[in-house]
Amino acid sequence: MIHQPSRPRRNRKSGALRSMVQETRLSRQDLIAPVFVVNGSQQKIPIASMPGQFRFSVDQLVDEVKALWDLGIPCVSLFPCLEDSAKDKKASKSCDPDHFYQKAISKIKQAVPKMLVMSDVAMDPYSSDGHDGYVDDEGNILNDKTLEILAQMSLTQANSGADILGPSDMMDGRIGFIRECLDEEGFSQTSLMSYTAKYCSSFYGPFRDALDSAPKAGDKKTYQMDYHNAREALREAELDEGEGADILMVKPGLAYLDILYRLREETPLPLAVFNVSGEYAAIKAADEKGWLDGPAVMLETLTAFKRAGADMILTYFAKEACEFL
Ligand code: PBG
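Here the residue numbering is sequential within each chain, running from 1 through the sequence in written order. For this predicted model, a pLDDT threshold of at least 70 governs which residues receive local features, and a threshold of 80 or more governs which side-chain atom pairs are given and counted, while totals over whole chains, interfaces and linings are taken from all residues. Heavy atoms throughout the structure, all of them, feed into the side-chain values; hydrogens and water do not.

Colleague: Sorry, what's going on with the packing of aromatic side chains here?
Modeller: We describe a pair of aromatic rings using the distance from one ring centre to the other and the angle between the two ring planes. Only Phe, Tyr and Trp rings take part, Trp by its six-membered ring, and two of them pair if their centres are within 6.5 Å. Stacked means planes under 30 degrees apart, edge-to-face means over 60, and tilted covers everything else. Applying the stated rule across the entire model yields 11 aromatic pairs. The interplanar angle of 55° and the centroid separation of 5.7 Å between the aromatic rings of Phe36 and Phe207 together place this pair among those described as tilted. Of this pair, Phe36 sits in strand 1 (residues 31-38) while Phe207 sits in helix 6 (residues 205-211); the two residues are 171 residues apart in sequence, bridging distant segments of the chain. The pair Phe36 / Phe207 is uniform in exposure class, with both members buried. Seen in terms of ring centroids, Tyr195 and Phe274 are 6.2 Å apart; in terms of plane orientation they differ by 50°. Their pairing is tilted. Of the two residues, Tyr195 sits in strand 9 (residues 191-198) while Phe274 sits in strand 11 (residues 271-275), which places them 79 residues apart along the sequence. Like Phe274, Tyr195 is buried. By the ring-pair criterion, three or more aromatic residues cluster together here, those being Phe36, Phe79, Tyr195, Phe207, Phe274, Tyr280, Tyr316 and Phe317. Above the face of the Tyr134 ring, Lys145 is positioned so that its terminal group lies 4.7 Å from the ring centre. Two conditions define a charge located above a ring, namely a distance within 6 Å from the ring centre to NZ of Lys or CZ of Arg, and an angle within 35 degrees of the ring normal. Over the face of the ring belonging to Phe207 we find Lys251, whose NZ or CZ atom lies 5.9 Å from the ring centre. For the purposes of this entry, the term helix denotes a DSSP run of H or I that reaches at least four residues, the term strand denotes a run of E that reaches at least two, and both are numbered from the N terminus. A simple rule labels every residue: compare its accessible area, found with a 1.4 Å probe on the protein chains alone, to the largest value its type can have, and call it buried under 20%, exposed over 50%, or partly exposed in between.

Here's what the structure looks like:
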């Protein structure tokens, strides 16, 4: 035998040893389950481009959230699906305390008080323009006018009992503005998970199908980040940190592991990653065709997020992953 002092394979020689030298562990506590809410009752409507995902009416969602809590998932992130007739230019329903989404937040908190409820702060689910911000007559997205609406939306959600607000809109200065408004109104304990580095991505397609929220005109390039850029994410992170974000998020996930890793090096704040709808759909589709081993690829993907530096993962695989963790 050739003398070789270093033989990395020695640490891989048995399952027991491999498990002792394992650097990254994925667990149920790392997972945040995104879920879709619709108006009405007794609704559990499958989403065609996201097999295994549904739009739930609140009564059904309560059962689902109970099941997720029992599995050990600590947080759900709620997204509303509105009918077109409920949408308008100012996203009015987002600030209506009696609207079904706000009611869903409080009902889930009542039914499963320990479950962390994260709400989505952005105009697009409620906007007749399908944009995350206010659109003027020339088609411009008005930043500061949007902030007023986002702040009102945030207060409404905080008042409904949301534990964590997730501004997903990418307007400048929204974290600071929302933080100030929350504090002024006595919501100093409502957390902000900022979508810090949210890229303008084609991986959001199935989500926009689920919400029917695609922009009616134009695209989201003037507010979401250009995927050619990485340093810009550091700038966004620095701003969010200064403005009082509690947790920073990178989105999408798999194509942006470098961004996650860079932020991990730069910020002491907890980091989240959003394993988005298109990433989910791609794995599901390949699995259905028998071209990939879906569960194995799912676990490899989720582990990669942790290895790259994520503390928590928003993933439509949350429930399914529990079968293996
Ligand atoms: C919009 C929003 C999007 C997602 C979450 N919030 C899509 C978009 O920016 O158009 C995408 C999530 C996913 O694809 O899973 N505020």
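Right, picking up where we left off after that structure.
Colleague: What am I meant to see in the site of the ligand here?
Modeller: The cutoff for a nearby residue is simple: one of its non-hydrogen atoms must lie within 4 Å of the molecule or strand. Every one of the 16 residues lining the ligand counts as a neighbour, but Arg208, Lys220, Lys251, Ser277 and Tyr316 are closest to it. Between the ligand and the protein, one listed contact pairs an oxygen atom with a side-chain N or O atom of Lys198 at 2.9 Å. Two N or O atoms form a polar contact when they lie within 3.5 Å of each other; inside protein one atom must be a possible hydrogen donor and the other a possible acceptor, and for residues adjacent in sequence the pair counts only when both atoms belong to side chains. Within the contact set of the ligand, a nitrogen atom lies 3.3 Å away from a side-chain nitrogen or oxygen of Lys251. Accessible surface is estimated by sampling points in the Shrake-Rupley manner with a 1.4 Å probe; for residues, cover comes only from the protein chains shown. Protein coverage of the free-state accessible area of the ligand, which is 400 Å², stands at 100%. Given that more than half its atoms are within 2 Å of the pocket grid, the ligand belongs to the largest cavity. Lining residues are those with an atom within 4 Å of a point, where the points come from a 1 Å grid over the protein atoms alone and group into cavities, where a 1.4 Å probe fits but cannot get out, or pockets, open sets with protein on both sides within 12 Å along at least five of seven lines. Grid points define the cavity or pocket, and a molecule sits in it when more than half of its atoms lie within 2 Å of them.

Colleague: For this particular structure, what's the right way to read empty space enclosed by the protein?
Modeller: Rolled over the atoms, a probe as big as a water molecule pinpoints where empty space is left. Grid points are joined across faces, edges and corners, and a volume is the space filled by probe spheres set on the points. Applying the stated rule across the entire model yields 1 cavity of 30 Å³ or more. Put simply, the largest cavity is a space of about 140 Å³. Lining the largest cavity are 17 residues, and of these Asp124, Lys198, Tyr204, Phe207 and Lys251 sit closest to its centre. Just so you know the grouping, Ala, Val, Leu, Ile, Met, Phe, Trp, Tyr, Cys and Pro go in nonpolar, Asp, Glu, Lys and Arg go in charged, and all remaining residues, Gly too, go in polar. Tallied by class, residues from the lining of the largest cavity come to 6 nonpolar, 4 polar and 7 charged.

Colleague: How should the nonpolar core be read in this particular structure?
Modeller: Nonpolar side chains in soluble globular proteins generally cluster together in the buried interior. Judged by nonpolar contacts, the single largest core of 99 residues is most densely connected at Phe36, Val76, Leu78 and Met193. Broken down by element, the residue count for this core peaks at 7 residues, all from strand 1. By nonpolar core we mean a set of buried residues, namely Ala, Val, Leu, Ile, Met, Phe, Trp, Tyr and Cys, connected to one another through side-chain atoms within 4.5 Å.

Colleague: Help me understand helix 3 (residues 100-111), please; the structure alone is not making it clear to me.
Modeller: What sets the pattern is the α-helix's 3.6 residues per turn: residues three or four places apart point alike. If you check helix 3, its first and last C-alpha atoms are 16 Å apart, about what 12 residues at 1.5 Å a residue would give, namely 16 Å. When we look at burial in helix 3, the residues that qualify are Phe100, Tyr101, Gln102, Ala104, Ile105, Ile108 and Lys109. Should any heavy atoms of two residues lie within 4.5 Å, those residues are considered in contact. Buried residues along helix 3 sit against strand 1, helix 2 (58-71), strand 4 (75-81), strand 5 (116-121) and helix 4 (143-160). For a helix, the expected span equals 1.5 Å multiplied by the number of residues minus one.

Colleague: What's the story with the packing of helix 8 (residues 257-266) against helix 10 (residues 294-308) in this structure? I'm lost.
Modeller: Helix-helix packing: each pair is described by the crossing angle between the helix axes and the interaxial distance. At a minimum axis separation of 8 Å, helix 8 and helix 10 run at an interaxial angle of 30°. Judged by the angle between their axes, helix 8 and helix 10 are roughly parallel. Along its contact with helix 8, which presents Leu257, Leu260, Tyr261 and Arg264, the element helix 10 presents Ala304, Phe305 and Ala308. Split into classes, the residues belonging to the contact of helix 8 with helix 10 amount to 6 nonpolar, no polar and 1 charged. For helices, the axis comes from a line fit to the C-alpha atoms of the stretch in contact; other axes are also lines fit to C-alpha atoms, and the angle between any two N-to-C directions lies between 0 and 180 degrees. When an angle is under 35 degrees it counts as roughly parallel; over 145 it counts as roughly antiparallel; between 65 and 115 it counts as roughly perpendicular; any other value is oblique.

Colleague: Whenever I open this one, helix 4 confuses me. Can you help?
Modeller: Taking 1.5 Å as the rise per residue, helix 4 with 18 residues should run 26 Å; its terminal C-alpha atoms sit 26 Å apart, in good agreement. Burial runs high along helix 4: 13 of the 18 residues are buried. Directly beyond the C-terminal end of helix 4, a positive phi value near 110° is found at Gly161.

Colleague: Explain the pattern of salt bridges to me, please; I cannot follow it from the model alone.
Modeller: Between side chains of opposite charge, a pair can form as their charged atoms come close. What counts as a salt bridge is simple: a side-chain nitrogen of Lys or Arg found within 4 Å of a carboxyl oxygen of Asp or Glu. Throughout the structure, instances matching the rule amount to 14 salt bridges. The shortest N-O distance in the salt bridge between Asp84 and Lys87 comes to 3.6 Å. On the accessibility criterion, Asp84 (46% relative accessible area) is partly exposed. Close ionic contact of Asp124 with Lys220 constitutes a salt bridge, the shortest N to O distance being 3.6 Å. Of the two residues, Asp124 is situated in the loop between strand 5 and strand 6 (134-135) and Lys220 in the loop between helix 6 and helix 7 (231-243); the sequence distance between them amounts to 96 residues. With relative accessibility at 5%, the residue Asp124 sits in the buried group. With a relative accessible area of 3%, Lys220 lands in the buried category. Overlapping salt bridges, with partners in common, bring together Asp124, Asp132, Lys198 and Lys220 in one network.

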